[in-house]
Amino acid sequence: MASGSKASVPADSFRTISPDRRGEKATSAVPGDAAAATTLKGTAIPVRSVVASPRQVKGKAGRETARLRLQHLPAAQAEHPGEAAAAEEEEPLLPVPEDEEEAQPLPPVCVSRMRGMWRDEKVSLYCDEVLQDCKAEDADEVMGKYLSEKLKLKDQWLGVWKTNPSVFFVKYEEASIPFVGILVEVTCEPYQDSSSRFKVTVSVAEPFSSNIANIPRDLVDEILEELEHSVPLLEVYPVEGQDTDIHDIALALEVVRFFYDFLWRDWDDEESCENYTALIEERINLWCDIQDGTIPGPIAQRFKKTLEKYKNKRVELIEYQSNIKEDPSAAEAVECWKKYYEIVMLCGLLKMWEDLRLRVHGPFFPRILRRRKGKREFGKTITHIVAKVMTTEMIKDLSSDTLLQQHDDLDLALDNCYSGDTVIIFPGEYQAANLALLTDDIIIKGVGKREEIMITSEPSRDSFVVSKADNVKLMHLSLIQQGTVDGIVVVESGHMTLENCILKCEGTGVCVLTGAALTITDSEITGAQGAGVELYPGSIAILERNEIHHCNNLRTSDSSKSTLGGVNMKNSVWSSHLKIHTSHLQAQSAHQIGLSWRQREATAGG
């Protein structure tokens, strides 16, 4: 960039988020999980005392009053322990004044009626009743009008205001204060413009009630006065015990919250969409697939983290832009571009998730990008011994002309393998990222009892065991999946053999992709969130003398989703080939082998 020239930033990146629907600050909203958890419960929200430092209120003495009720943070949690200790000596803790009463427990909030809705009911509610045929750019206005009409049913009611603890406190233990709840009287007034649409006037209701027993009433009054008694409407939850109109208002609030929390995307009104309600239906189906377990837990967690990261990065960009007072400098422009393109990348990932065709037909990117090594130049093969110490007893059964290499690390052994090599693993616990990069024809086998050779996945990685080798073999091992997104074993191409292995799944089971082949003998597969073996169109599998049990843990009442069983053959124009012989598939749901609408070639014996 030439010196003295004006720095440019992406035009789209300067679009701000209207405070009524996405929030100008990340701290203005209640953590979603905490809010949802308490909303779905029909019991009173528990009250407790907490350790926290109250936020300074402008021009008021509220902090001194609050200090009588809230203890200081322990010195170990302060930024400067020495200063914290000195502060404690200067200002000793004072007892709670006798004339001050602790806050009463919060009453129960209205139970969400959306919780019991079926998939089709949710689709009908949003697509047919609320949004109808509106365009993406009109969705914000439509949701506002929907909520405004419901609020006309009752202009005053009681609710629990749940907000981020940072509104009240500057230092607190996040685990102990998921949110601050205050019982308030709500007054609804017609909104004047889009920025005030989701704002509501509140005042502290009697008796003074909160989920934090020792929160000072004066502090709450001061904070509300600072906010001009105007808080986001979506942070207010109607309480039980009021008339039926309030239950209708509570449902409307849940409808709008869910829309902006999960169905709305910031890019919706930036891109042309011919059928917006169809897109909303796909997102509802995605949410339901996550809730009922159709999408395995680890994969669902990865999606939620990506969505949350996208929202946070967008807020970061907006806050960064708001701090640029004049024309951006070159450095500021570069930083804006960096943040903007990070958002674009996350946006692309989320769009992949929302495309049902990509989710139904399986993985949409190759997992292994490494090329095959092939055989060594001198044509010899090597046996790699994986053990802390190698002794002559370990290798007594090997021929005298065997070339040996000893490694104390399984990852290093795999990294040194060429086609034709053998990796021998002795009892112990191992991890190996290179198991997700199997490209050469090798044998990996344990020595001793298979239960004693334990290989665990690394939770931070997407994949555990992935192969595209022509012929790779795993023998006498225990594979233990921990947090990886992909299947415990994925055969991307070529052929894999699993012999006498134990596969303890935490997410998806064994996946055989289109064109790949798998042979499993004398093995055990357990714990998969879905089928124990997933066969993609055009794949081949031979299962002999295996046990597949305690899989298909789908939390669904949809009968179409309960037929996956121990083996699932996905539907397509290409047939999959499955041969089962003397294998035991037990403790599954309705069916042991799930066959979709197209006839498959499958034989079973024993």
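Residues numbered from 1 in each chain as written. Predicted model: local features only at pLDDT ≥ 70, side-chain atom pairs only at ≥ 80, totals over all residues. Heavy atoms only, no water.

> I would appreciate a short explanation of the overall build of the protein chain in the present structure.
For the protein chain, the count of helices and strands is 12 helices and 30 strands. Here the protein chain holds 606 residues, and 47% of them are scored as buried. Counting contacts in the protein chain only where the partners sit at least 6 residues apart, residues at least 24 apart contribute 67% of the total. (Helix = DSSP H or I, 4+ residues; strand = E, 2+ residues; numbered from the N terminus. Buried < 20%, exposed > 50% of the residue type's maximum accessible area, 1.4 Å probe, protein only. Contact = heavy atoms within 4.5 Å.)

> Honestly, the environment of Ala-387 in this entry has me stumped. Any pointers?
Relative to the assigned elements, Ala-387 resides in the loop between β8 (382-386) and β9 (403-407). Between the alpha carbons of Ala-387 and Asp-409 there is a distance of 7.5 Å; along the sequence they are 22 residues apart. With sequence-adjacent residues up to four places away left out, Ala-387 is seen in contact with Met-394, Gln-406, His-407, Asp-408, Phe-426 and Tyr-430.

> What should I look at first to understand the nonpolar core in this one?
Here is a general trend for soluble globular proteins: nonpolar side chains tend to be buried in one another's company. The biggest cluster of nonpolar side chains holds 76 residues, and the ones touching the most others in it are Tyr-126, Trp-157, Phe-168, Phe-259 and Tyr-276. The dominant element in this core, judged by the number of residues it contributes, is helix α7 (residues 244-263), at 12 residues. Counting 47 residues, the second largest nonpolar core, distinct from the first, contains Ile-425, Ala-469, Val-489 and Cys-551. (Core = buried A, V, L, I, M, F, W, Y, C linked by side-chain atoms within 4.5 Å.)

> Sorry if this is basic, but what is going on with the packing of aromatic side chains here?
Each aromatic ring pair is characterised by the separation of its centres together with the angle its planes make. Per the counting criterion, the structure on display carries 13 aromatic pairs. Between Phe-259 and Trp-264, the ring centres sit 6.1 Å apart and the planes meet at 45 degrees, which makes this aromatic pair tilted. For the pair Phe-259 and Trp-264, one class covers both residues: buried. Seen from their ring centres, Trp-337 and Tyr-341 are 5.3 Å apart, and the 20 degrees between their planes marks the pair as stacked. Linking Trp-337 with Tyr-341, this pair stays in helix α10 (residues 330-354), spanning 4 residues, or about one helical turn. Given the relative accessible area of 45%, Tyr-341 is considered partly exposed. (Phe/Tyr/Trp six-rings, centres within 6.5 Å; stacked < 30°, edge-to-face > 60°.)

> Just checking my understanding: could you explain helix α6 (residues 217-226) for this structure?
Residues Leu-219, Val-220, Glu-222, Ile-223 and Leu-224 constitute the buried set of α6. At the exit of α6 stands Glu-228, carrying a positive phi of roughly 60 degrees.

> Looking at this model, I keep getting lost on unusual backbone geometry. Mind explaining?
As a rule of thumb, non-glycine residues mostly have phi less than zero, and peptide bonds are mostly trans rather than cis. Following Glu-206, the chain continues to Pro-207 via a peptide bond in cis, the omega torsion being -5 degrees. Checked against the element boundaries, Pro-207 lands in the loop between β5 (199-204) and α6. Of note in this structure, Asn-500 is not a glycine but carries a positive phi near 55 degrees. The residue Asn-500 is located in the loop between β18 (495-499) and β19 (502-504) in this model. Residue Asn-500 is classed as partly exposed on the basis of its relative accessible area of 24%. Located in the positive-phi region is His-550, a residue other than glycine, with phi close to 55 degrees. Along the polypeptide, His-550 turns up in the loop between β25 (547-549) and β26 (567-569).

> Can you walk me through the confidence of the model for the protein chain in this structure?
Any segment with low pLDDT has predicted coordinates that should not be analysed in fine detail. The predicted model of the protein chain averages 76 in pLDDT, with 70% of residues at 70 or higher. Ignoring residues within four places in sequence, the model shows residues 59-97, a span with pLDDT below 50, making 50 contacts including any to other chains. Note that residues 594-606 has pLDDT below 50 and, in this model, 32 contacts with residues that lie over four places away or in other chains. (pLDDT = per-residue confidence, 0-100.)

> Any chance you could explain the sheet that holds strand β4 (residues 180-187) here in plain terms?
Sheet strands associate in pairs through backbone hydrogen bonding, adopting either a parallel or an antiparallel arrangement. Spatial strand order, β6-β5-β4-β2-β7: 5 strands in an open sheet with antiparallel pairing. Two strands in the sheet have a free side with no partner beyond their single neighbour: β6 (230-232) and β7 (236-238). Going from strand to strand, the sheet's axes swing by 50 degrees on average, the running direction of each strand aside. Where α6 meets the sheet, its contacts fall on β2 (156-163), β4, β5 and β6, and the angle it forms with β5 comes to roughly 150 degrees. Its contacts with the sheet put α7 on β2 and β7, and the angle it makes with β7 is roughly 145 degrees. (Pairing = 2+ DSSP bridges. Axes fitted to C-alpha atoms, helices over the stretch in contact; angles between N-to-C directions.)

> It is not clear to me how the pairing of strand β24 (residues 540-544) should be interpreted in this structure. Could you clarify?
Side-chain alternation along β24 places Ala-541 and Leu-543 on a buried face and Ile-540, Ile-542 and Glu-544 on a face that remains uncovered. Where β24 meets strand β27 (residues 577-581), 5 bridges bridge the pair, whose relative direction is parallel. Within β27, the position partnered with Glu-544 by the bridge is His-581.

> What is the right way to read the packing of helix α5 (residues 139-151) against α7 from this model?
Describing two packed helices takes the angle between their axes plus the distance from one axis to the other. Interaxial distance between α5 and α7 falls to 9 Å at its minimum, and their mutual angle equals 165 degrees. Taken together, the axes of α5 and α7 are roughly antiparallel relative to one another. Taken as a pair, α5 and α7 cross one another with a handedness that is left-handed. Every residue of α7 that contacts α5 at Ala-139, Asp-140, Met-143, Tyr-146, Leu-147, Lys-150 and Leu-151 is listed here: Ile-249, Ala-252, Leu-253, Val-255, Val-256, Phe-259 and Tyr-260. The residue inventory of the contact of α5 with α7, partitioned by class, reads 12 nonpolar, no polar and 2 charged. (Parallel < 35°, antiparallel > 145°, perpendicular 65-115°, else oblique. Left-handed = near helix turned anticlockwise from the far one by under 90°. Nonpolar A, V, L, I, M, F, W, Y, C, P; charged D, E, K, R; others polar.)

> I keep staring at the state of the cysteines and nothing clicks. Help me out?
Such a bond, covalent and formed between the sulfur atoms of two cysteines, is termed a disulfide. Per the stated rule, a full pass over the model turns up 0 disulfides. Unpaired in this structure, Cys-127 has its nearest cysteine sulfur neighbour in Cys-134, at a distance of 9.5 Å. The exposure class assigned to Cys-134 is buried, which follows from its relative accessible area of 12%. (Disulfide = S-S within 2.5 Å.)

> Sorry if this is basic, but what is going on with a negative patch on the surface here?
On the surface, a cluster of negative charge is made up of Asp-120, Glu-121, Asp-128, Glu-129, Asp-133 and Glu-281. Element by element, the count of residues in the negative patch is highest for helix α4 (residues 119-130), at 4 residues. When you line up the elements, Glu-281 lands in helix α8 (residues 276-291). (Patch = residues over 30% accessible without salt bridge, like charges linked within 9 Å, V, L, I, M, F, W, Y side chains within 5 Å. Areas by Shrake-Rupley, 256 points an atom, 1.4 Å probe, with all protein chains shown as cover. Salt bridge = Lys/Arg side-chain N within 4 Å of Asp/Glu carboxyl O. Lys, Arg positive; Asp, Glu negative; His and termini not counted. Charge placed at Lys NZ, Arg CZ, Asp CG, Glu CD.)

> What's the story with the environment of Glu-271 in this structure? I'm lost.
Turning to its location among the elements, Glu-271 is positioned in the loop between α7 and α8. As a C-alpha pair, Glu-271 and Glu-137 span 134 residues in sequence and 8.8 Å in three-dimensional space.

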